Amino acid sequence: MPFSALGLSEPIVKAVNDLGFTEPSPIQTQAIPIVLEGKDLIGSAQTGTGKTAAFSLPVLNGLEPGKKTQVLILEPTRELAAQVEEAIEKYSKYLDEIKVAVIFGGVKYQRQIDQLKSGVEIVVATPGRLLDHIGQGTADLSQVKVLILDEVDRMLDMGFLPDVKRIIKNCPDERQTLLFTATMPREIESLSKWVLKDPEKVEIGRSRSAAETISHAFYPVVERQKYKLLIELMSRTTFQSVLIFTRTKFNADMVSRRLERLGHSVAVLHSDRTQRERTAALADFKSGKAEILVATDIAARGLDVAGVSHVINYDVPLNPEDYVHRIGRTGRAQTEGDAFTLLTEDEVKNSKAIEHFIGQKVERKKIEGFKYMYSALFEAEEKRSAGRTTSRLFGRSGR
Ligand code: ADP
Ligand code: MG
């Protein structure tokens, strides 16, 4: 089915075709007609399935230029806000009069104030900075017709719920509201009762599943050998681009420094970096100037980085949902990807939570020829795999 069959106008279909999108993804096919009808919507589909276009295209379709903020899109992180703004610029390239402003913290106010003053139809914002503008009277939401809450699960995780509620109170009651999320924790259901009116629901796939195009495995190792194993894994893998997730900023800095010393080009993304550094890191990774991006998941969730061939979890994510999100960075839009997770004894609990969450056992792998230090983890694994014809978990080469 072509995009034109969904009821989108010519300039939008043309812009999408220019991007090489030949047909709408499942969430787009289902969500676009509902949004065009003006109904409220809850859309859930795993990361990388095209949710941005699912709300942007139909919203652009009905938009009349008018210098008033008519569409407000909330995003959990600066990077996501910037990414969505860029996408909308592309989708609206044949709609000359539509202007978009992106509002987030960590940068100076003046440019944002000028932009808001000059009049924009669409605002893409992170909650904190937008609230500052509302407080200073530099943002006016009284004419908002469509409110979009994007990446809501992440927004909740990051503690933005109170901010989001305050922002919603500044929007007119009479409006269309769209909520998009990769996963559906219970808090979202209660938020949606308050924010949405009689919403339609579109849910694609099991929201807990890891993308099917990704092969993933755990690599048990003792804490002291973690970095060594990482290097070993990387040296045995042909990769174009690797995204490495760490739990802490400290580990992100440590891993990136050491990889740099080995001659890799590395970019780092975490919340202690300045906005300029974060923007540069992402740009370098996207352009291929940096072959490796080391990031904390707070900084990286939902980011669309095309062509990531490998994701490595240097630490097991504490939150099982983050596992799905992290490995969702690879295998986006139906391309193949690999995800490796280093697993230490302290993290076994987290790994079990992940397996429970995704409803699937994750294969344990050991790298042939690597001088492993003893870990009780290995015995547990041998026991688990005993009884199988061959030890599938250990005794196979790494990849
Ligand atoms: P999500 O918000 O669901 O995680 P995004 O909206 O960021 O996903 O989209 C993921 C990627 O898929 C982006 O690079 C986007 O350009 C691409 N994409 C979106 N829709 C289509 C489509 N219909 N055909 C091809 N690629 C698409
Ligand atoms: Mg998204």
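Let us look at the structure shown here. Model, not experiment: these values are computed from the prediction. (Residues numbered from 1 in each chain as written. Chains lettered and ligands numbered in written order. Predicted model: local features only at pLDDT ≥ 70, side-chain atom pairs only at ≥ 80, totals over all residues. Heavy atoms only, no water.)

With respect to the packing of aromatic side chains
Cut-off, in case you're wondering: Note on aromatic pairs: the rings of Phe, Tyr and Trp (six-membered ring only in Trp) are paired at centre separations within 6.5 Å, and the planes decide the class, stacked below 30 degrees, edge-to-face beyond 60, tilted for the rest. Secondary structure elements are taken from DSSP: a helix is a run of H or I of four residues or more, a strand is a run of E of two residues or more, and numbering for both begins at the N terminus. Relative accessibility under 20% of the residue-type maximum defines a buried residue, over 50% an exposed one, and the middle range a partly exposed one, all with a 1.4 Å probe and only protein chains included.
Tallied over the full model, the rule gives five aromatic pairs. Judged by centre distance (5.3 Å) and plane angle (50°), the ring pair of phenylalanine 55 and phenylalanine 180 falls under tilted. Of this pair, phenylalanine 55 sits in helix α3 (residues 51-61) while phenylalanine 180 is found in strand β6 (residues 176-181), placing the two residues 125 residues apart along the sequence. A residue is classified by how much of its surface remains accessible, and phenylalanine 180, at 0% relative accessible area, is buried. Here phenylalanine 370 and tyrosine 372 contribute two aromatic rings whose centre-to-centre distance is 4.9 Å and whose plane-to-plane angle is 75°, an arrangement assigned as edge-to-face. For the pair shown, phenylalanine 370 and tyrosine 372 are each scored as buried.

Things to note about the nonpolar core
The criterion, for reference: Buried residues of nine kinds, namely Ala, Val, Leu, Ile, Met, Phe, Trp, Tyr and Cys, make up a nonpolar core once their side-chain atoms join them within 4.5 Å. Residues count as neighbours in contact if any of their non-hydrogen atoms are within 4.5 Å of one another.
In terms of nonpolar packing, the biggest core is built from 54 residues, with Leu230 and Ile244 touching the most fellow members. If one sorts the elements of this core by residue count, helix α10 (residues 226-235) sits on top with five residues. Contacts of leucine 230, omitting those with residues within four sequence positions, involve Ile244, Val255, Ile312, Tyr314 and Leu342. Core analysis: the next-biggest nonpolar cluster, separate from the first, contains 40 residues, Leu8, Leu41, Val59 and Val146 among them.

Overview of α3
Counting buried positions along α3 gives nine out of 11 residues, so the element sits mostly inside the fold. Of the residues making up α3, those classed as buried are Lys51, Ala53, Ala54, Phe55, Ser56, Leu57, Pro58, Val59 and Leu60.

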